[in-house]
Amino acid sequence: NRTKMLERSGEKLATETEDIPTRWYRGTTNIGESSSPAKWKTGKEGVLGGGGIYVTPDPKYASSFATENVLGKPITGGFVTPLDVTFKNPLVVSVSKTGQPEVKVLERLGISTRKAEDMVEKAYETKGGLTTEVKSRAIKQGYDGIILKRDGIVQEAISYKPEKNIISAITKKKQGGSIVERNPNTYNMRA
């Protein structure tokens, strides 16, 4: 079967990556954040694990990360940055609305369902969620990030190589090659 051969060889199927957006958004509460993705603070944990930069194609979803802490309590001073993200070799994981993405990610990285469930349970008990165990496995297998689809719609992603994969969409190139950047705290995107 060609599908199984492609999966074993590590190639992505056209249907997995054909609807992956290039415009993404990142919500953050880190006001002093640099404009360079390489200097952004990576999350320690999350649905897709830690050690990377989380992005979403949904600006409203991104804004929740700019206005709430991890416990859902309101905070002020956060902002959303529009980004152009190009993954070279993402692991695309699809789950149903009620599916457990953490387990599915680990399964796609070659871990049995039982062991994945145990790892997720232990991670939540001891660390509050999956951390770099996902990143190290994904990078060893050649992935530069993970993209999560819920019911066929891209919900969020994590990039392990933000310095290569992410460019601020509010950075503009002037004649002569110099870069002018708008302050993401005060820049209002036009619809």
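Shown above is the structure to which this text applies.
Small disclaimer: the values here were computed from a predicted structure and weren't measured.

Peer 1: Would you explain the overall build of the chain in this entry?
Peer 2: The number of helices and strands found in the chain is seven helices and nine strands. Contacts spanning at least 24 positions in sequence make up 67% of the contacts within the chain whose residues lie at least 6 apart. Total accessible area computed for the chain in this model is approximately 11,300 Å², and 50% of it derives from carbon and sulfur atoms.

Peer 1: How do you make sense of the packing of aromatic side chains when you look at a structure like this?
Peer 2: Here a ring pair, both rings aromatic, is described through the centre-centre distance and the interplanar angle of the planes. By the definition in use, this model includes two aromatic pairs. Note on W24 and F87: the rings are 5.9 Å apart at their centroids and 75° apart in plane angle, and the pair reads as edge-to-face. Taken together, the residues span a long stretch of sequence, with W24 in strand β1 (residues 23–28) and F87 in the loop between β3 (79–85) and β4 (90–95) at a distance of 63 residues. Pair check on accessibility: W24 and F87 agree, each one buried. Relative to F65, the ring of Y61 has its centre 5.2 Å away and its plane inclined at 80°; by these criteria the two rings are edge-to-face. Of this pair, Y61 and F65 both sit in helix α3 (residues 59–67), separated by four residues, roughly a single helical turn.

Peer 1: What's the story with helix α4 (residues 101–108) in this structure? I'm lost.
Peer 2: It helps to recall that an α-helix has 3.6 residues per turn; residues three or four apart then point in one direction. Residues P101, E102, V103, V105 and L106 constitute the buried set of α4. Structurally, α4 contributes buried residues whose contacts are with β4, α5 (113–126), α6 (132–140) and β5 (145–150). Backbone geometry just after α4 places G110 at a positive phi near 95°.

Peer 1: Quick question: what am I supposed to make of the environment of V80 here?
Peer 2: Among the secondary structure elements, V80 is positioned in strand β3. For V80, a relative accessible area of 29% puts it in the partly exposed group. Contacts of V80, omitting those with residues within four sequence positions, involve Y25, R26, G27, A62, S63 and A66.

Peer 1: What is the right way to read the sheet that holds strand β7 (residues 166–168) from this model?
Peer 2: Strand-to-strand pairing in sheets goes through backbone hydrogen bonds, with the strands running parallel or antiparallel. Ordered in space as β1-β3-β7, the three strands form an open sheet in which the pairing is antiparallel. Each of the sheet's edge strands pairs with one partner strand only, and the pair in question is β1 and β7. The sheet shows a mean angle of 45° between the axes of neighbouring strands, taken without regard to direction. One ladder, built from three bridges, connects β3 with β7; its direction is antiparallel. From the neighbouring strand, V85 faces β7, where its bridge partner is I166. Where α3 meets the sheet, its contacts fall on β1 and β3, and the angle it forms with β1 comes to roughly 20°.

Peer 1: How should I be thinking about the pattern of salt bridges in this particular structure?
Peer 2: Think of it this way: side chains of opposite charge can pair up when their charged atoms draw near. According to the stated counting rule, one finds two salt bridges in the structure shown. The salt bridge partner of D84 is R23, with a shortest N-O separation of 3.1 Å. Of this pair, D84 sits in strand β3 while R23 sits in strand β1, and the two are 61 residues apart along the sequence. For D84, a relative accessible area of 30% corresponds to the partly exposed category. Take R23: its relative accessible area is 35%, and that puts it in the partly exposed class.

Peer 1: What exactly am I supposed to notice about the sheet that holds β5 here?
Peer 2: In space, the four strands of this open sheet follow the order β2-β6-β5-β4, with mixed pairing throughout. What marks the edges here is a single partner per strand, and that holds for β2 (53–55) and β4. Neighbouring strand axes in the sheet, compared pairwise and without regard to direction, differ in orientation by 20° on average. Taken together, the three bridges between β2 and strand β6 (residues 153–159) define a ladder with antiparallel strand orientation. Looking at β6, one finds that V55 is bridged to A157.

Criteria and thresholds
Residues numbered from 1 in each chain as written. Predicted model: local features only at pLDDT ≥ 70, side-chain atom pairs only at ≥ 80, totals over all residues. Heavy atoms only, no water. Helix = DSSP H or I, 4+ residues; strand = E, 2+ residues; numbered from the N terminus. Contact = heavy atoms within 4.5 Å. Areas by Shrake-Rupley, 256 points an atom, 1.4 Å probe, with all protein chains shown as cover. Phe/Tyr/Trp six-rings, centres within 6.5 Å; stacked < 30°, edge-to-face > 60°. Buried < 20%, exposed > 50% of the residue type's maximum accessible area, 1.4 Å probe, protein only. Pairing = 2+ DSSP bridges. Axes fitted to C-alpha atoms, helices over the stretch in contact; angles between N-to-C directions. Salt bridge = Lys/Arg side-chain N within 4 Å of Asp/Glu carboxyl O.

These results come straight from atomic positions and should not be treated as a statement about function.
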